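# Commentary on secondary and tertiary structure
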Amino acid sequence: MNAIFAAHPLLLVSLVKIVVLLFLLMTALAYLTWFERKVVAHIQARWGPYRVGPHGLLQPLADGVKFLFKEDVTPAGADKFIFLLAPFLTLSLAVSAIALIPFGPMDITIFGQQTPLQVANVSIGLLFLFALSSIGVYGVALAGWASNSKYSLLGGLRSTAQMISYELTLTLSVVGVLLMAGTLNFREIILAQSGFAWGFLPKWNLIASPLPQVLGFVCFFTAAIAETNRLPFDLPEAEGELGAGFHTEYSSFKFAMFFIGEYASMVTVSCLAAILFFGGWLSPFPVAHNWSWTLYIPAAGFIIAGIGILGYGVRYSTIFGKLLLPVVGLAVAGLGILFAQPMAIEFVQGPFWFLLKVVLFLFVYVWVRGTLPRFRYDQLMALGWKVMFPLALANVVLTSLAVAARP
Amino acid sequence: MHVETVLFFVLALMAIGGAVNLIVQRHPIHSALSLIVVMVALAGEYLLLGSEFIAAVQIIVYAGAIMVLFVFVIMLLNAGVEERTHVSRMAQYVGVPVAALLLIELVWSIRRGSAALPIQVSGTVSTSQLATLLFRGYVFPFELTSVLILVAIIGALALAKREP
């Protein structure tokens, strides 16, 4: 084993990166459930999770323990192998898509190896990601079929039809970006968006010349919400009509795997939106003399947030909260102070702006969920085929013309 | 042994195993899934050959689009387990000999040709090289194929619309 690693040091480095990324991702996904429940609760004038830890901060842990200890039921007459395969397929494909996402421009050093902040820098990254997501349909479809239940089957069928319909729009909507960048590699797509118009307006694809990709972005985000089976397009699991849709018969950790898979796809889509249309890791501020104070924004944000949590935590009502929240606040503020150091300040810029954009898109996801009612099935199909698809096609034609006319 | 060689044999075994399983399985869904395994294994082989674009397109088009439709139709029709029948006379007297003949021909041509064929190591083929080839050199056959597909779509629509 050691001989293999000695001969292929990249293998070891990749392994380390995968393990670290997986750990961070799983923690982030667990807290994404908390984030969603909190935001939706506040949209609906409720409190959301509040009991497990201060402001329900330990709720994800409690949920995880509950999933682990629930009884794992396999319905009678289910196709056992496929019933087991479906959640594995969903989770593994959703998580492996994150491996293609670049988190920052600078290299890190692991075991003396210079390596980018990305697990796999594939030259056709975008196509690869679409390949992974196109196989992801099987998880949902097979789960619905293998459960041997009419609600599940209906959910699976709906999701297959929906994903086939919206995949067209999803792939067509990014063609405009590809035409402008001239590459399928994520890093090069981001670098093609660097620079500023008139000295202050970032050349992100959403607002860049020759043709701002506003139409492409609207099509992309709508289709992406449909692809990830989220409200208002969550017909595969419409709980009002289908029980819980394709995962009605799933319990315990198999259900958790679908759940985590769905959240992982949300993160992937948010990363994609940030990379393709909002300049990825690029800062919204120019790098000029009178703009150099913007380098301290990450540090200032963390320090202010940390002090805020500290001050709030000292006055919190429960003793546990009085102990936990100040520690969290101090940790956040400490990170902020670390970010202001000369050795770290350049490095944190990329990941900070990238993750900030991703969190913003995740918020929009939850916001849409909390605001819009679910579509009817025929409305969904009509919207997909008669509105979104022609719009995405028009965007491709217009962008091609604009790119061709560019001097 | 190289990692590439090991991967080649793992993927080849996956493809052959999937293909055999496709015939042996009695349930249509299981057969369709085996076919997907074959497609994905082939995509892996393309990747080993340095052709990333073809690998991705293989997965997107075959495993992701065409096979999804297969699975969708099987699920929609709720096709049950196939019944085993005896070998038909056609297959027994014509099919088996022809299959054996093809196998012999295949083995013979591989044994004869392996020394003569030069192994081309062209490295990675970039997407833009492929696009240049497709849209400059072979643009006429390419466009002709798309017209053919359009005709097929219109034909399918006409057939589906005929029933009142």
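Throughout, a residue's number is its position along its own chain's written sequence, starting from 1. Written order determines the labels here, with chains lettered from A and ligands numbered from 1. Selection of residues for local features in this predicted model requires a pLDDT of at least 70, selection of side-chain atom pairs for listing and counting requires 80 or more, and totals for whole chains, interfaces and linings are taken over all residues. Values shown for side chains rest on all heavy atoms present in the structure; no hydrogens or waters enter the calculation.

### Let's talk about the overall build of chain B
Formally: Going along the chain from the N terminus, every DSSP run of H or I of four or more residues is numbered as a helix, and every run of E of two or more is numbered as a strand. Atoms counted for the radius of gyration: C-alpha only. Globule rule: 2.2 Å times residue count to the power 0.38. The buried label goes to any residue with under 20% of its type's maximum accessible area, the exposed label to any with over 50%, and the partly exposed label to all in between, with areas taken from a 1.4 Å probe on protein chains only. Whether two residues are in contact is decided by their heavy atoms, any of which lying within 4.5 Å being enough. Method for areas: the Shrake-Rupley scheme with a 1.4 Å probe, in which residue coverage is limited to the protein chains shown.
Secondary structure assignment for chain B yields 6 helices and 0 strands. Traced from its N-terminal end to its C-terminal end, chain B shows the element sequence α-α-α-α-α-α. In terms of C-alpha radius of gyration, chain B reaches 20 Å, well past the compact-globule figure of 15 Å for 164 residues. Overall, the C-alpha framework of chain B stretches about 55 × 40 × 30 Å when taken along its three principal axes. Counting the 164 residues in chain B, one finds 21% classified as buried. Taking as baseline every contact in chain B between residues at least 6 positions apart, the subset at least 24 positions apart corresponds to 64%. Entry remark: accessible area of chain B is about 12,500 Å², with carbon and sulfur atoms responsible for 73%.

### Considering helix α12 (residues 297–314) of chain A
Residues and elements named next belong to chain A. What counts is decided by this rule: To estimate the expected span of a helix, subtract one from its residue number and multiply by 1.5 Å. Think of it as the arc spanned by the lines of direction from the helix axis to the C-beta atoms.
With 18 residues, α12 extends 26 Å from end C-alpha to end C-alpha; this agrees with the ideal 26 Å at 1.5 Å per step. Turning to α12, its buried residues are P298, A299, G306 and G313. All buried residues of α12 project into a common sector of 95° when viewed along the axis, lining one side. Turned more than 90 degrees off the buried face of α12, the exposed positions are I304 and I307. In the core, the buried residues of α12 are packed alongside α13 (319–339) and α14 (342–371).

### Structural notes on the domain arrangement of chain B
How we decide: Reported domain spans reflect what an automatic or database domain assignment gives.
Its domain assignment divides chain B into domain 1 (1–81) and domain 2 (126–164). The gap between the C-alpha centroids of domain 1 of chain B and domain 2 of chain B is 24 Å.

### Comments concerning the side chain of T268 of chain A
Relative to the assigned elements, T268 of chain A resides in helix α11 (residues 252–277). Aside from chain neighbours lying at most four places away, what touches T268 of chain A is A94, A97, I98 and L129 of chain A.

### Side note on empty space enclosed by the protein
Residues and elements named next belong to chain A. Formally: Detection works on a 1 Å grid of protein atoms alone, calling trapped sets that fit a 1.4 Å probe cavities and calling open sets with protein on both sides within 12 Å along at least five of seven lines pockets, with lining residues defined by an atom within 4 Å of a point. Grid points are joined across faces, edges and corners, and a volume is the space filled by probe spheres set on the points. Only Asp, Glu, Lys and Arg are considered charged, only Ala, Val, Leu, Ile, Met, Phe, Trp, Tyr, Cys and Pro nonpolar, and every remaining residue, Gly among them, polar.
A complete count under the given rule lists 1 cavity of 30 Å³ or more for this structure. Taken together, 29 residues make up the lining of the largest cavity; nearest its centre are S133, M163, E227, T228 and S265. Secondary structure elements with two or more residues in the lining of the largest cavity: α4 (80–97), α5 (125–135), α6 (137–146), α7 (150–173), α10 (214–227) and α11. Considering only residue class, the lining of the largest cavity consists of 17 nonpolar, 9 polar and 3 charged.

### Some points on the interface of chain A and chain B
Operational definition: By buried area we mean the combined loss of accessible area, with a 1.4 Å probe, across both parts when two parts are placed together. What counts as a salt bridge is simple: a side-chain nitrogen of Lys or Arg found within 4 Å of a carboxyl oxygen of Asp or Glu. Identification of polar contacts relies on pairs of N or O atoms within 3.5 Å, with a donor-acceptor requirement for protein atoms, meaning one able to donate a hydrogen and the other able to accept it, and with residues adjacent in sequence counted only if both atoms are side-chain atoms.
The partner chain B presents 23 residues to the 25 residues of chain A that form the contact. Here chain A and chain B share an interface that buries about 2,000 Å² over both sides, 81% of which is from carbon and sulfur atoms. Interface area lost by chain A to chain B is led by Y138, W145 and L157 of chain A, which between them contribute 29%. Taken together, chain A and chain B are joined by 0 salt bridges. Between the two partners, chain A and chain B, sit 4 residue pairs in polar contact (both at pLDDT 80 or more). Secondary structure elements with two or more residues in the side of chain A that touches chain B: α4, α5, α6 and α7 of chain A. Considered class by class, the residues forming the side of chain A that touches chain B number 19 nonpolar, 5 polar and 1 charged.

### Quick word on the pattern of salt bridges
Residue and element names in this part refer to chain A. Taken as a whole and judged by the stated rule, the model has 6 salt bridges over all chains. Here D72 and K254 are joined by a salt bridge, their closest N and O atoms 3.3 Å apart. Highlighted residues: D72 in the loop between α3 (59–69) and α4 and K254 in helix α11, separated in sequence by 182 residues. The exposure class assigned to D72 is partly exposed, which follows from its relative accessible area of 40%. By relative accessible area, K254 is classed as buried at 8%. One salt bridge connects R376 with D378, and the closest N-O pair in it is separated by 2.9 Å. Classification of D378 as partly exposed rests on a relative accessible area of 43%.

### Description of the packing of α4 of chain A against α11 of chain A
Residues and elements named next belong to chain A. To keep it simple, the criterion reads: Helix axes are fitted to C-alpha atoms over the stretch in contact, other axes to C-alpha atoms as well, and angles between N-to-C directions run from 0 to 180 degrees. When describing relative orientation, an angle under 35 degrees is termed roughly parallel and one over 145 degrees roughly antiparallel, while 65 to 115 degrees is termed roughly perpendicular and anything else oblique. Handedness of a crossing is defined here by the sense of rotation of the near helix relative to the far one, left-handed for an anticlockwise turn of less than a right angle and right-handed for a clockwise turn.
Packing of α4 against α11 leaves a shortest axis separation of 8 Å and a crossing angle of 25°. It follows that α4 is roughly parallel to α11 by the angle criterion. Helix-helix and strand crossings are classified by hand; for α4 and α11 the assignment is left-handed. In this structure, α4 uses F83, L84, A86, P87, F88, T90, L91, A94, V95 and A97 to contact α11, whose residues at the interface are K254, M257, F258, I260, G261, A264, S265 and T268. In terms of residue class, the contact of α4 with α11 is made up of 13 nonpolar, 4 polar and 1 charged.

### Focus on the packing of aromatic side chains
Residues and elements named next belong to chain A. What counts is decided by this rule: Paired rings are identified among Phe, Tyr and Trp, the last through its six-membered ring, by centres lying within 6.5 Å, and are further divided according to the angle between planes into stacked (under 30 degrees), edge-to-face (over 60) and tilted (the rest).
Taken as a whole, this structure holds 31 aromatic pairs over all chains when the rule is applied. Considering the side-chain rings of W385 and F389, the 5.9 Å spacing of their centres and the 65° angle between planes classify their relative orientation as edge-to-face. Taken together, the residues W385 and F389, both in helix α15 (residues 377–405) and 4 residues apart, mark about one turn of the helix. The exposure class assigned to W385 is partly exposed, which follows from its relative accessible area of 39%. On the basis of relative accessibility, which here comes to 21%, the residue F389 falls in the partly exposed class. Taken together, the ring pairs connect W204, F217, F220, F221, F277, F278, F361 and Y365 into an aromatic cluster.

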